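Fold and contact review
In case you want the letters, here they are:
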Amino acid sequence: MKKLFAFALTLCLCLPVVTAHAEKHGSWNYVGEDKFNERSKIINSGGGDFKFCLVSGPGGYYTLWEEDGYFRNGYKMKDEKVGTKKLKKGQCAVFKNINKYVDEGPYESSGQAEFYVTKSKKSGKAHVKFYD
Ligand SMILES: [Ca+2]
Ligand SMILES: [Ca+2]
């Protein structure tokens, strides 16, 4: 365990370069879009702020998740819930300071967060755009 911790620390020391690169100054970059019934595709983010907008589709609750589909000590890690927002068509959900979801441990050293959005399947197809 101690060894792993030291390894994690070493990784953290390397990270400021990545983090500095990911710092945003007020402007949003379009990073993708998807049309889905239940779960969107995954969008990678380097941190900072993240948002998604409901271009068209049903109003309702939309949840942002961060995928952690890896194994630790034989257990599959659960995806992390970032937050749920109630949206109507044309509205956006903004998530500030999502840096803590950027993976930096020894098990996941992508330096990226893998975000996806879910909604109730029965409400029909949603068209969502992502901004980083
Ligand atoms: Ca992840
Ligand atoms: Ca994670």
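**Here's the deal with the environment of glycine 46**
For glycine 46, the position within the fold is in the loop between strand E2 (43-45) and strand E3 (50-56). Glycine 46 gets classed as partly exposed once you count the C-beta atoms within 10 Å, which come to 19.

**Points about the sheet that holds E3**
The strand order across the open sheet built from 4 strands is E1-E10-E3-E8, with neighbouring strands paired in antiparallel fashion. Of all strands in the sheet, those bounded by a partner on one side alone are strand E1 (30-36) and strand E8 (92-95). Ignoring which end each strand starts from, the neighbouring axes of this sheet average 15 degrees apart. In this sheet, strand E10 (residues 126-131) lies alongside E1 in antiparallel orientation, the contact comprising 6 bridges. When the bridges of E10 are listed, glycine 32 appears paired with phenylalanine 130.

**Regarding the sheet that holds strand E7 (residues 80-87)**
The sheet built from 4 strands is open, its strands ordered E2-E9-E4-E7 with antiparallel pairing. Strands with a single pairing partner mark the edges of an open sheet, and in this sheet they are E2 and E7. Each neighbouring strand pair of the sheet contributes to a mean axis angle of 30 degrees, computed without reference to strand direction. Relative to E7, strand E4 (residues 60-66) is paired through 7 bridges, and the arrangement is antiparallel. Residue tryptophan 65 lies in a different strand from E7, and its bridge partner there is lysine 81.

What counts and what doesn't
Residues numbered from 1 in each chain as written. Chains lettered and ligands numbered in written order. Predicted model: local features only at pLDDT ≥ 70, side-chain atom pairs only at ≥ 80, totals over all residues. Helix = DSSP H or I, 4+ residues; strand = E, 2+ residues; numbered from the N terminus. Buried ≥ 20, exposed ≤ 12 C-beta atoms within 10 Å, placed from the backbone. Pairing = 2+ DSSP bridges. Axes fitted to C-alpha atoms, helices over the stretch in contact; angles between N-to-C directions.

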